[in-house]
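Structure at a glance
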Amino acid sequence: MHKVKAWLAKTPYRDWEVEVASADASFRRYFRLRRGREKLIVMDASLEKESLAPFLDVTGRLLGVDVKAPQVYLEDRAEGFLVLEDFGSRSLLNVLNEANFDSYYSSAIDEIVKMQAADAEGLPLYDKPFLHFEMDLMKTWFLEKYLGMTLSEEEERMLAEVLDTISETVLSQPQGVFVHRDFHSRNIMVTPSDETGVIDYQDAMKGAVTYDLVSLLKDLYIRFEPEEMAALALRFRDRAGIVADDATFLKWFDFMGLQRHIKVLGIFARLWLRDGKPGYLGDLPLTLRYTIEAANRYEETKPLAALLERVTLPPLPAKGEAQ
């Protein structure tokens, strides 16, 4: 707090009240500024200043296609701070329930369609090596370091074959669109005017048409019935004008989900083991469930499901316990 207050003292917002708003899985922190009824957000990226340039670049791309990204009112790249439009404190996760998910997800699907019209030129490419780099995090950080498993040679071969099948299927679908990469209920804000506000997109890449759809409908923080999510996935296909039959599109959707969730198993374990952040360990059971469910739907991925069905997750660390 001291650092952000010292920076604000040099800005037109020096007299505004400041309070902690949130932190994320990186080293960025967020503060809320208040003056009467006015509210703004300060992004403190002073510990990773290099993240500001991509954030500002992607903000411009999204605003250019009418996506509800925050307006930038002040930037200081040298110190690592931004002052942004405040979308409020209601995330989609705060409001979703069985009665309204269809409406909210439908609005979010519209935002994905708009995002995919954004300029993706120059963004990093979700190519085969990167897909595998991400999936390899599961073996290293989740299976070996977190669970203490040692795979046999046969299991190593099986895993390599399944991961290759996953990446090939992911790459068989339409490519080259803007990919937010974390378009889920914690990164979608419901603004005071009930608009869909999009945040935390600075790691955007160019990749497959189903990636952000998977993030939204196979959300790691809330779950609805798979049949209902499949129907919404097909609704996205139709809105986006993607030519594919139901079975083909849903296989793309499932295999993109496998790639993402395999990666996330590794990332959530790494956040605890390497970075001392235990907050995501509680989300491992749902991530694992999504992975096993999707893998069991297809003959070529059932061996992965069988491996993961053997997993027993450790108890969560006690509050305050350090790694």
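Residues numbered from 1 in each chain as written. Predicted model: local features only at pLDDT ≥ 70, side-chain atom pairs only at ≥ 80, totals over all residues. Heavy atoms only, no water.

Regarding the overall build of the protein
A tally of regular secondary structure across the protein gives 11 helices and nine strands. Rg of the C-alpha trace for the protein: 20 Å, near the compact-globule value of 20 Å for 323 residues, within the 12% margin. Each principal axis of the C-alpha atoms in the protein carries an extent, and together these give about 65 × 50 × 40 Å. Counting all 323 residues of the protein, 53% fall into the buried class. Looking at the protein, you have 40 positive and 53 negative side-chain charges, and the mean spots of the two groups are 5 Å apart. (Helix = DSSP H or I, 4+ residues; strand = E, 2+ residues; numbered from the N terminus. Rg over C-alpha atoms; globule rule 2.2 N^0.38 Å. Buried < 20%, exposed > 50% of the residue type's maximum accessible area, 1.4 Å probe, protein only. Lys, Arg positive; Asp, Glu negative; His and termini not counted. Charge placed at Lys NZ, Arg CZ, Asp CG, Glu CD.)

Remarks on the layout of surface pockets
Taken as a whole, the second largest pocket spans an internal volume of roughly 210 Å³. Taken together, 15 residues form the lining of the second largest pocket, with Lys-218, Pro-226, Ala-230, Asp-254 and Arg-297 sitting closest to its centre. Counting only elements with at least two residues in the lining of the second largest pocket, the list comes to helix 8 (226–240), helix 9 (246–273) and helix 10 (284–296). For the lining of the second largest pocket, the per-class residue count stands at nine nonpolar, no polar and six charged. (1 Å grid on protein atoms, 1.4 Å probe; cavity = no way out; pocket = protein on both sides within 12 Å on 5 of 7 lines; lining within 4 Å. Points joined across faces, edges and corners; volume = space filled by probe spheres on them. Nonpolar A, V, L, I, M, F, W, Y, C, P; charged D, E, K, R; others polar.)

Regarding a negative patch on the surface
A grouping of Glu-98, Glu-225, Glu-227 and Glu-228 is seen on the molecular surface, where their side chains present a negatively charged patch. Tracing the chain through its elements places Glu-228 in helix 8. (Patch = residues over 30% accessible without salt bridge, like charges linked within 9 Å, V, L, I, M, F, W, Y side chains within 5 Å. Areas by Shrake-Rupley, 256 points an atom, 1.4 Å probe, with all protein chains shown as cover. Salt bridge = Lys/Arg side-chain N within 4 Å of Asp/Glu carboxyl O.)

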